[in-house]
Structure formats: structure tokens, C-alpha cells
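Residue-level structure breakdown
Listed below, chain by chain, are the residues.
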Amino acid sequence: MYISDLKEPSPAGLRRARRLQSPYGLVSRAFRLPNGETEPPFAIYTAALDNPSAVLSTQRNWSHSNAQGNFDGAGGAIDPVRARDISVVESLERYSSCTWDEAALIMATQAELGDAAVGPDRFPRCSKRELAADTATLIEHDPRLPIRWQRAWSLTRGREVFVPANLVYLRFPVHSQAELFTHPISTGTAAHSDIHEAVLGGLLEVVERDSISLTWLQRLHLPSIEVDEALLRPATREYHRMGTSSDIEVRLFNATTDFGIPVIYGIQLSQDPVLAQVVAATCDLDPERALAKIHREFSSLRIALRAHAASPDPFAMLGVSVVGGAVLHAQASHRGVFDFLLEGERPTVPLHEIGQTPEPQEDPLSWAVDRLAQRGAEVIAVDITTDEARQVGMHVVKVLVPEAMPLSFVHSARYLATPRLYAAPAAMGLEVHGEEDINPEFQPFA
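Fair warning: this is a prediction, and the values are worked out from it, not measured in the lab.

On the surface, E359, E362, D363 and D370 cluster together to form a negatively charged patch. Mapped onto the elements of the fold, D363 is located in the loop between β12 (348-350) and α10 (364-374).

Before going further, it helps to examine the pattern of salt bridges. Close approach of charged atoms allows side chains of opposite charge to pair. Counting across every chain of the model gives 26 salt bridges. E39 is the salt-bridge partner of R306, the closest N and O atoms lying 2.6 Å from each other. Pair noted here: R306 is in helix α7 (residues 287-309) and E39 is in the loop between β1 (30-33) and β2 (43-47), with a separation of 267 residues, a long-range link. With its nearest N and O atoms 2.7 Å apart, the salt bridge here joins R148 to E179. One end of the pair, R148, is in strand β5 (residues 147-154); the other, E179, is in the loop between β6 (159-164) and β7 (189-192), and 31 residues separate them in sequence. With respect to burial, R148 and E179 carry one shared label: buried. Three or more residues are tied together by salt bridges with common partners; here these are E39, D272, R302 and R306.

Within the element layout of this structure, A292 appears in helix α7. As a C-alpha pair, A292 and E238 span 54 residues in sequence and 8.5 Å in three-dimensional space.

Another aspect to go through is the nonpolar core. Counting residues in each nonpolar core, the largest one holds 50 residues, and the members touching the most others are L203, V207, I261, Y265, L372 and V401. For this core, the leading source of residues is helix α5 (residues 195-217), giving 11 residues. Dropping the residues within four chain positions of it, V401 is found in contact with L203, V206, L372, A377, E378 and V379. Counting residues in hydrophobic clusters, the runner-up holds 48 residues, among them V88, F123, L167 and I380.

Here we take up the sheet that holds β2. Across the sheet, three strands lie side by side as β1-β2-β3; this open sheet has antiparallel pairing. Every interior strand has two partners, whereas the edge strands, β1 and β3 (73-77), have only one. Adjacent strand axes in the sheet meet at a mean angle of 30 degrees, parallel and antiparallel pairs treated alike. The pairing of β1 with β2 spans four bridges and is antiparallel. Of the residues in β2, the one forming a bridge with F31 is T46. Across the sheet, helix α2 (residues 80-97) is in contact with β1, β2 and β3; its angle to β3 comes to roughly 155 degrees.

Glancing now at the environment of P146. Within the secondary structure, P146 is located in the loop between α4 (128-132) and β5. The exposure class assigned to P146 is partly exposed, which follows from its relative accessible area of 36%. Along the chain, P146 and P312 lie 166 residues apart, while their C-alpha atoms are 43 Å from each other. Filtering out sequence-adjacent residues up to four positions away, P146 remains in contact with M107, A108, T109, S176 and A178.

Moving on, we come to α7. An ideal rise of 1.5 Å per residue puts 33 Å on 23 residues; α7 measures up with 32 Å between its terminal C-alpha atoms. Counted residue by residue, α7 has 18 buried out of 23 residues, so it is predominantly covered. N-capping of α7 is provided by D286, with a side-chain oxygen placed 2.9 Å from the backbone N of E288.

Attention now goes to the packing of aromatic side chains. Tallied over the full model, the rule gives six aromatic pairs. Aromatic side chains W100 and F172 sit 4.8 Å apart centroid to centroid with 65 degrees between the ring planes, which places their arrangement in the edge-to-face category. With W100 in the loop between α2 and β4 (106-108) and F172 in the loop between β6 and β7, the pair connects residues that are 72 residues apart, well separated along the chain. In this structure, W100 and F172 share a single accessibility class: buried.

Let us now look at the pairing of strand β11 (residues 277-283). Every regular strand shows the same layout, with side chains that alternate between the two sheet faces. Burial of β11 is extensive: seven of the seven residues sit out of reach of the surface. Where strand β10 (residues 263-269) meets β11, seven bridges bridge the pair, whose relative direction is antiparallel. Its bridge partner being in β11, I267 is matched across the sheet by V279.

Take the domain arrangement of the protein chain next. Splitting the protein chain by domain gives domain 1 (12-97), domain 2 (109-206 + 367-428) and domain 3 (219-353). Summarising the inter-unit geometry, the C-alpha centres of domain 2 and domain 3 are found 26 Å apart. Facing 16 residues of domain 2, the contacting portion of domain 3 comprises 14 residues. Together, the buried faces of domain 2 and domain 3 total about 1,400 Å²; carbon and sulfur atoms form 70% of this surface. The three residues of domain 2 that bury the most area against domain 3 are L204, F409 and M428, which together make up 40% of that side's buried surface.

What counts, and where the lines are drawn
- Residues numbered from 1 in each chain as written.
- Predicted model: local features only at pLDDT ≥ 70, side-chain atom pairs only at ≥ 80, totals over all residues.
- Heavy atoms only, no water.
- Patch = residues over 30% accessible without salt bridge, like charges linked within 9 Å, V, L, I, M, F, W, Y side chains within 5 Å.
- Areas by Shrake-Rupley, 256 points an atom, 1.4 Å probe, with all protein chains shown as cover.
- Salt bridge = Lys/Arg side-chain N within 4 Å of Asp/Glu carboxyl O.
- Lys, Arg positive; Asp, Glu negative; His and termini not counted.
- Charge placed at Lys NZ, Arg CZ, Asp CG, Glu CD.
- Helix = DSSP H or I, 4+ residues; strand = E, 2+ residues; numbered from the N terminus.
- Buried < 20%, exposed > 50% of the residue type's maximum accessible area, 1.4 Å probe, protein only.
- Core = buried A, V, L, I, M, F, W, Y, C linked by side-chain atoms within 4.5 Å.
- Contact = heavy atoms within 4.5 Å.
- Pairing = 2+ DSSP bridges.
- Axes fitted to C-alpha atoms, helices over the stretch in contact; angles between N-to-C directions.
- Expected span 1.5 Å × (residues − 1).
- Polar contact = N/O pair within 3.5 Å; in protein donor to acceptor, adjacent residues only side chain to side chain.
- Phe/Tyr/Trp six-rings, centres within 6.5 Å; stacked < 30°, edge-to-face > 60°.
- Domains from an automatic or database assignment.
- Buried area = accessible area lost by both parts, 1.4 Å probe.

Okay, structure coming up:
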């Protein structure tokens with residue numbers, strides 16, 4: 001989810017999306033979730049997507065899956081109305097990501113599509129050690145076998161390309177073993193009333209998740225971020241004030257990678273034995289927006305993780321669930337797994353000096369695409385806008401960056417053969433660990 005400003009109340013695009021909510025609409029209801037008694041009082045809403053199989057032929061066998069996470073949208077803000085509106089649009093994102101036209105997909109080998117194909121060999125891949133393990137869930141792609149492809153657009157090259165369809169959509173049934181080279185993820189899906197903002201939002205999420213994976217897998221020794229409240233704009237200052245208004249300690253780190261786009265990685269520390277450590281991350285061209293977003297993300301995460309921790313068996317799907325690792329490492333007894341962030345001397349950087357930002361006269365999207373191109377990374381976008389989105393003036397997109405590290409919750413498939421996992425820390429001037437020394441702990445982000 002990408003919202004381009006923090007002003008209250010909701011902008012016109014969000015307000016139009018309210019029409020998606022009705023007893024018979026895409027979203028049947030949206031309701032506020034309770035904050036913890038001593039936690040920052042951000043308004044956190046969830047919007048119920050319920051079961052879309054009644055209208056989606058692609059989802060006839062729909063079922064809610066703890067392993068894939070809750071598909072209902074969530075939204076957070078200071079203003080409750082804005083938070084509710086965001087939750088509705090996030091539900092639209094998730095619905096759109098499960099919708100495709102089977103007839104529009106192209107069954108072919110990579111060779112048959114020629115140089116227009118951006119094939120599995122360009123995307124993150126598991127190492128031979130991962131693929132040979134008894135717990136392996138993926139196999140090495142055989143380019144001689146046909147798979148389903150989706151038309152897309154390369155912003156980097158300015159031309160139509162084809163990408164594997166199972167990298168675009170969620171709840172996408174495997175057609176054959178040839179498609180078992182990756183697990184579908186939601187990263188890069190974004191909605192906005194302006195398609196350029198939607199693409200930028202999806203791209204920023206890809207950059208964010210790339211940083212999250214690099215930080216955890218390589219245990220990066222990140223600089224701390226110093227926030228001078230006097231320099232913050234009024235809206236950001238209020239988010240920061242609310243986010244730091246409790247006894248929960250918030251530590252922020254500069255997780256900006258060699259892409260140069262500002263990323264904040266944060267960890268909340270508290271005396272709560274169930275949620276003693278909670279991590280979040282945000283990416284934005286404006287560091288202040290990233291700061292505001294990370295505070296509301298923390299509030300939303302605490303609610304979700306507390307609910308999951310209270311379930312009968314919160315670790316039943318550990319290593320597969322999108323929240324299992326986060327709940328595990330949130331326990332007070334697991335603080336040691338965060339020593340690489342919490343211990344030792346490290347430099348400090350002011351908030352407004354993290355990353356780079358475009359000049360006022362530059363187009364933000366073009367600037368961001370160019371930043372990645374300078375690092376040899378391609379930006380590809382797929383328009384997955386549904387009829388429901390068009391009816392309320394929304395565009396939904398899926399953005400892919402083949403070279404970026406994905407955020408994987410499947411512990412047996414962390415894509416440890418991806419070149420960027422080892423090249424990016426070196427480009428950032430940080431220590432590089434080989435595969436044998438990659439962080440063995442479950443991913444704590446959710």
C-alpha cells in the first residue's frame with residue numbers, strides 16, 4: 001500500500017474507493033481493531049474481503065490460509081476515517097492480485113518468446129544446497145519446458161516484455177512442475193488513483209523488501225537514525241510524537257541500500273514478554289513519510305502479532321507462515337537474535353540525510369527507475385486493474401525487479417543463490433557473508 005501524502009482527511013482517490021464497501025460489495029465491512037492498552041493509539045482498521053470465489057473463476061477453491069496470511073486489507077493513520085479508507089483499498093489490492101484472465105496468458109518456452117522474455121533465470125533463485133534439502137519446496141527451472149507468461153512493460157527499456165505469470169499473481173495454481181521455481185509473493189502490488197503513483201508505490205515496496213531481506217540474511221551492521229523533531233513537518237511530527245508516546249522503545253536504522261532510495265528499518269523493544277521485539281520497515285522518496293509510515297506499521301503489526309500469538313498453536317506452520325517467525329522472535333527470550341542490530345558501536349545519521357531524493361523538477365518515478373538502472377536492475381510493471389478498481393477510479397499494478405532480493409517467509413526457499421544477496425552489501429561497504437554464514441534464524445518481519 002502506498003499513500004503519497006500524510007495530510008488528513010482522506011484525499012479524493014481514497015474517498016471514491018469507499019463505494020467498494022457495502023453488504024454486497026467487494027468489502028463487506030471495515031472495522032477498527034483495538035490497540036494494546038499501553039501502545040500508541042493509531043487508528044488501525046481491517047476491511048473484510050471474505051470469500052471471492054463467488055465472483056472469481058480463478059478462485060473457485062478459495063480458502064483462508066494461515067500460511068499465506070490474512071487477505072483482508074489493513075490500514076493505519078491518526079485519522080480513523082483515513083485508516084478505514086486505506087484498509088478498503090488494500091483489500092482491493094489483494095483481490096486484484098488473485099484475478100487474471102487465463103485466456104490472456106501465453107503458454108510458451110522462453111526461447112519461443114525470444115528477447116522479449118524476462119525468464120526465471122533473471123529472477124532470484126534458490127541455491128543448490130536449498131534445492132537438495134529434504135525440506136525443499138522448489139525445483140530448478142528447466143528452460144526447455146513451457147510455462148505461462150504475462151504481458152508486461154519494462155520501464156527501464158521502454159518496451160513490452162513477458163514475465164512468468166506465477167511471479168505476478170497470488171493464489172496462482174501451478175500448471176506443471178516447470179513453474180515450481182518460485183513462490184508467489186505480494187511484494188510490488190500497489191493501488192492508487194494515479195497510475196504513476198501506483199507504479200512508484202509498487203517499486204518502493206520492492207526496494208523496501210529487498211532491504212529487509214539483505215538486512216536479515218546478511219545481518220547488516222546498519223547505522224542508527226537520529227530524528228530531530230524540530231526539523232519535522234507538523235504532520236510528521238504528530239506521527240512521530242504518537243509513535244513514541246508509550247514506554248515502548250523505538251530504534252531506527254538506515255537500511256538504504258546501494259539503490260540509494262531511503263529505507264528505514266526499525267525495531268520496537270518493550271517489557272511485554274509476548275511482543276518484546278517487533279520489526280518493521282518502510283521505503284519512501286521522502287524520509288519523513290517513511291518515518292510516519294513506520295510508526296503506523298508498528299501499531300498494525302502489534303495487533304496482528306498479538307492475535308496470532310494467542311491462537312491455539314501459533315507455531316504450527318513455522319517456516320512457512322508469514323507471521324510465524326515474527327511471533328517466534330517477538331518473545332522476550334529471543335532478543336539475542338537481534339544482537340547485530342542492538343549491540344556494538346555504529347555510526348549515526350540524521351533522518352534527512354538518509355538516501356537520495358529527486359530534485360523538485362524531476363519526475364519521481366523516472367528518477368527511481370534510473371536509480372535502479374544505474375545498479376543494473378530493471379523495473380517492470382504489470383497492470384492488474386480489475387473492473388471493481390476501474391469503477392472507483394483506481395489503478396492496481398504489480399511491479400517486478402528481477403535483480404532484487406525477495407522477502408521470503410518460506411525458510412527452505414530463501415533464494416540464497418541470488419547474486420544481489422552478496423553483491424549489495426559489498427557495494428554498501430559492509431561485511432559480506434557467504435551462504436554458509438547466512439543468518440539461520442527465521443525471518444522476523446511480517
